[in-house]
Amino acid sequence: MNVGIIGYGNMGESFAKALRDKVQIVVYDIKEERRNKALEEGFGVANDLEFLLSSCDWLLLAVKPKDAPSLLESISSKMEGKLLISIVAGLSLSKIKSLCKSSRAVRVMPNINALVGMATMACVFAEGVEEEEKKKFKELFSHCGSLYELQEDTFDTFTALAGSGPAFVFKFVHALALAGVMEGFSYDTAKSIALDVVVGSCELLKRLGGNPEEWITKVASPGGTTIEGLKVLEEKAFVGTLMECVRKTSEKARKLV
Ligand SMILES: NC(=O)c1ccc[n+]([C@@H]2O[C@H](COP(=O)([O-])OP(=O)(O)OC[C@H]3O[C@@H](n4cnc5c(N)ncnc54)[C@H](OP(=O)(O)O)[C@@H]3O)[C@@H](O)[C@H]2O)c1
């Protein structure tokens, strides 16, 4: 099977690399420089959309939201029999259907962790996608990270939690690193320690299970050091701030495209 990727930017490149051992990839990007990069990286490259469409069964749309509507209109008449996979933020299945007559579409919301093959993704299928194809899609995309099949009305919240989530995690790591600098570590050492703590704690939660709250009580012994820090987080409304941050992000996601 051939998968055509339209747009070889951050996301298109990540998906191309994660899927290359499983399917034949053909790339098209409007920029010659990006097409050359794809070629150097060993991918099949189409010099125009026409060729890409004629040589692929599935198409992954990975252009920015502002470029997606005109692109979908331009390929609409050539989508017969093809599966369209759109990762464009905010572009609903009904909008896809109105722009491009294909009834065989999957909307996917990935995140930047696709760059290391660990994307957290949501997907929702249009009514015209057969069960066999859904199965094939899920099998293939599980190679790019974790995949949740969700109702489309939860996509804006998912966009905030998982799509934007890495930025919030990076901010947390940066804040811990700065705290280390304030106490005398170099930024690089503090960042490395912060990163190990975040990765190790997440791995522990994943492998051993349980709720974060239970593990907090295991770390914070009565009258100990951790509870002093936790009190500050409570006083500064850490939890409420993060909840408000996700709510605002998801409100913005609702207004996209
Ligand atoms: N980055 C993330 O963390 C993230 C997370 C979730 C979802 N997404 C979604 O993923 C999509 C791609 O994001 P990205 O960060 O990978 O964007 P990007 O780096 O800007 O890549 C998009 C590429 O597509 C090219 N392009 C524009 N119009 C085109 C056309 N008509 N035909 C072919 N190629 C065209 C762009 O060229 P120009 O630069 O010349 O326009 C660019 O090289 C977006 O819709 C975004 O909403 C991204």
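Residues numbered from 1 in each chain as written. Predicted model: local features only at pLDDT ≥ 70, side-chain atom pairs only at ≥ 80, totals over all residues.

### Topic: the sheet that holds strand E8 (residues 145–149)
Move 1: The strand order E3-E2-E1-E4-E5-E6-E7-E8 describes an open sheet built from eight strands, whose pairing is mixed. The open sheet has two edge strands with one neighbour each: strand E3 (44–45) and E8.
Move 2: Note: strand E1 (residues 2–6) against strand E2 (residues 24–28), five bridges, orientation parallel. Counted as the bridge partner of valine 3 is isoleucine 25 from E2. (Pairing = 2+ DSSP bridges. Helix = DSSP H or I, 4+ residues; strand = E, 2+ residues; numbered from the N terminus.)

### Topic: the site of the ligand
Move 1: What surrounds the ligand is a group of 25 residues, the closest being Gly7, Gly9, Asn10, Met11 and Ala89.
Move 2: Per-element accounting of the shell around the ligand gives the leading share, three residues, to helix H1 (residues 10–19).
Move 3: Classifying every residue of the shell around the ligand gives 14 nonpolar, six polar and five charged. (Near = placed C-beta within 6 Å. Nonpolar A, V, L, I, M, F, W, Y, C, P; charged D, E, K, R; others polar.)

### Regarding the domain arrangement of the protein
Move 1: Each assigned domain of the protein is listed with its residue range as follows: domain 1 (2–151) and domain 2 (165–254).
Move 2: Each of domain 1 and domain 2 has a C-alpha centre, and the two are 34 Å apart. (Domains from an automatic or database assignment.)

### Description of the packing of helix H8 (residues 165–182) against helix H9 (residues 187–208)
Move 1: Where H8 contacts H9, the two axes come as close as 8 Å, and the packing angle between them is 135°. By the angle class used here, H8 and H9 are oblique. When the axes of H8 and H9 are compared, the crossing they make is right-handed. In contact with Val173, Leu176, Ala177, Gly180 and Val181 of H8, H9 contributes Tyr187, Ala190, Lys191, Ile193, Ala194, Leu195 and Val198.
Move 2: Within the contact of H8 with H9, the residues separate by chemical class into ten nonpolar, one polar and one charged. (Axes fitted to C-alpha atoms, helices over the stretch in contact; angles between N-to-C directions. Parallel < 35°, antiparallel > 145°, perpendicular 65-115°, else oblique. Left-handed = near helix turned anticlockwise from the far one by under 90°. Contact = placed C-beta atoms within 7 Å.)

### A short note on the packing of helix H7 (residues 155–163) against helix H12 (residues 238–254)
Move 1: Their axes nearest at 8 Å, the elements H7 and H12 cross at an angle of 130°. As judged from the angle between their axes, H7 and H12 are oblique. The two elements H7 and H12 cross, and the hand of that crossing is right-handed. Here Asp156, Thr157, Thr159, Ala160 and Leu161 of H7 come into contact with H12, specifically with Val246, Thr249, Ser250, Ala253 and Arg254.
Move 2: Tallied by class, residues from the contact of H7 with H12 come to four nonpolar, four polar and two charged.

### Overview of the nonpolar core
Move 1: Ranked by internal contacts, the top residues of the largest apolar core, which has 54 residues, are Ile5, Phe15, Leu60 and Leu61.
Move 2: Here phenylalanine 15 is in contact with Ile5, Leu60, Ala62, Ala114 and Cys144, once residues within four sequence places are set aside. (Core = buried A, V, L, I, M, F, W, Y, C linked by C-beta atoms within 7 Å. Buried ≥ 20, exposed ≤ 12 C-beta atoms within 10 Å, placed from the backbone.)

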